[in-house]
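# Coordinate inspection notes
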Amino acid sequence: MNANGKRPERKENAVRAFLRLPMVKYVLKRLLIAALTIAVIILALFLLLQFMPGSPFNDEKMSLEQIAAANAKYGLDKPVVIQFFQYFKNMLTGDFGVSYSIAKNVDITTLLNARLPVSLRIGFQAVALGTILGLLLGILAALKHNTFWDTLCTVISVIGVSVPSYVFALGLCYFLAFLLGWFPTLYSDANPILSSVLPTISLSMFTIATIARFTRTEMLDVLGSDYMLLAESKGVYGTRLIWMHAIRNALIPVITVLGPLVVDLMTGSMVVEKIFSIPGIGTLLVQAIQANDYNVTVVLSFVYSLMYVLMMLIVDVLYGIIDPRIRLTKEDG
């Protein structure tokens, strides 16, 4: 630093210039909205806990003194305002408390660490499989419009949307596991890859069908648009025309649909997890509701909500990357 202090001023100007960049402003605005949404969710969950009937300690064998001691131990005897700020801090730092019924006095973080990775892994496999096959089917149907391939892709999409995932799960269990014996019927930690094939296929069917339908529709609109004709008039043909212009512009609505689907799959399907005996958070949520374990239920609701907010944030950022017009429009608004 010199006597005139020019170096810090130059650095400060560079930071200000960086923050004024359209993409940076766009991302910062989305981050602020996401943070406020998470705060509102935490407040809503806290109020839900306060208005729930009864007490977390519903054991009839506990005396009034024992219930009072338990309330004091977990800070439930403090004023509501103090409870809220402590609850807010704990949720943001990952201190979710303990289970009251499912696994008494066991940290909920321990339960999540044991179950969340399983749901995330199978969900990620289903998302990857569903997205890749859905895009391929949709693009094929659009490029082969009004042909046998278009009809075949449409039929697959209708079946995938109409038939529930648990029906696919039962059918795969019967044919591929029971009759042919290619895959295990139930999930096993000893063989997680092979035993997760059938759940992955079952969960991915709806994603395949949904992505294929949206991709086909958007690709047909893009292929018939004026700017595609303009690109062809400039000498852009074949694969380059499809990849550089058609697919990129057709991806925006597909990403919109894919965002919520990703969260649904990566947080687990309760029915599919039950069918294959997968120790995921979907099964944990069912157990928590059945056992009236309010603490676990609320924490799982927060995890679901947090993943939705983060996924919507990623979708918004991808919007700005794929199509700068969206970013500029939202900035002007």
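The structure we're discussing is the one just above.
It should be emphasised that the depicted structure is a prediction, and the values quoted were computed from it without experimental measurement.

## A word on helix H7 (residues 165-179)
Compared with the 21 Å implied by 1.5 Å per residue over 15 residues, the 20 Å span of H7 between its first and last C-alpha is a close match. The axis of H7 is deflected most strongly, by about 30 degrees, at Cys173. All of the buried residues along H7 are Phe168, Ala169, Leu172, Cys173, Leu176 and Ala177. In the core, the buried residues of H7 are packed alongside helix H6 (148-162), helix H9 (197-223) and helix H12 (270-276). Following H7 by one or two positions, Gly181 adopts a phi angle in the positive range, close to 70 degrees.

## Notes on empty space enclosed by the protein
Evaluation of the coordinates by the stated rule reveals two cavities of 30 Å³ or more. Leu135, Ile139, Thr215, Met219, Ile247, Ala250, Leu251 and Val254 are the residues that line the second largest cavity. Elements represented by at least two residues in the lining of the second largest cavity include exactly helix H5 (108-143), H9 and helix H11 (238-266). Among the elements that make up the lining of the second largest cavity, the one with the highest residue count is H11 (four residues). A class-by-class count of the residues in the lining of the second largest cavity yields seven nonpolar, one polar and no charged.

## Describing the nonpolar core
By size, the foremost hydrophobic cluster in this structure holds 51 residues, and its most contacted members are Tyr87, Phe96, Leu112, Phe276, Leu300 and Phe302. No other element matches helix H14 (residues 294-322), which puts twelve residues into this core. Excluding anything up to four places from it in sequence, Tyr87 contacts Ile42, Leu45, Phe46, Leu49 and Val298. Core analysis: the next-biggest nonpolar cluster, separate from the first, contains seven residues, Ala141, Phe168, Met205 and Ala212 among them.

## Some points on unusual backbone geometry
Unlike most non-glycine residues, Asn146 shows phi in positive territory, near 60 degrees. If you trace the backbone, Asn146 turns up in the loop between H5 and H6. For Asn146, a relative accessible area of 66% puts it in the exposed group.

## Remarks on a nonpolar patch on the surface
Together, Tyr174, Phe175, Phe178, Leu179, Leu180 and Trp182 line one region of the surface with nonpolar side chains, adding up to about 720 Å² of accessible area. For Leu179, the position within the fold is in helix H7. Classification of Leu179 as partly exposed rests on a relative accessible area of 47%.

## Examining the packing of H5 against helix H13 (residues 281-290)
One way to put it is that H5 packs onto H13 with a least axis distance of 8 Å and a crossing angle of 130 degrees. Judged by the angle between their axes, H5 and H13 are oblique. From H5, Leu111, Leu112, Arg115, Leu116 and Ser119 reach across to H13, where they touch Ile281, Gly282, Thr283, Leu284 and Gln287. Of the residues belonging to the contact of H5 with H13, the class tally is five nonpolar, four polar and one charged.

Rules of the game
- Residues numbered from 1 in each chain as written.
- Predicted model: local features only at pLDDT ≥ 70, side-chain atom pairs only at ≥ 80, totals over all residues.
- Heavy atoms only, no water.
- Helix = DSSP H or I, 4+ residues; strand = E, 2+ residues; numbered from the N terminus.
- Expected span 1.5 Å × (residues − 1).
- Bend = angle between axes of the 7 residues up to and from the residue.
- Buried < 20%, exposed > 50% of the residue type's maximum accessible area, 1.4 Å probe, protein only.
- Contact = heavy atoms within 4.5 Å.
- 1 Å grid on protein atoms, 1.4 Å probe; cavity = no way out; pocket = protein on both sides within 12 Å on 5 of 7 lines; lining within 4 Å.
- Points joined across faces, edges and corners; volume = space filled by probe spheres on them.
- Nonpolar A, V, L, I, M, F, W, Y, C, P; charged D, E, K, R; others polar.
- Core = buried A, V, L, I, M, F, W, Y, C linked by side-chain atoms within 4.5 Å.
- Patch = residues over 30% accessible without salt bridge, like charges linked within 9 Å, V, L, I, M, F, W, Y side chains within 5 Å.
- Areas by Shrake-Rupley, 256 points an atom, 1.4 Å probe, with all protein chains shown as cover.
- Salt bridge = Lys/Arg side-chain N within 4 Å of Asp/Glu carboxyl O.
- Axes fitted to C-alpha atoms, helices over the stretch in contact; angles between N-to-C directions.
- Parallel < 35°, antiparallel > 145°, perpendicular 65-115°, else oblique.

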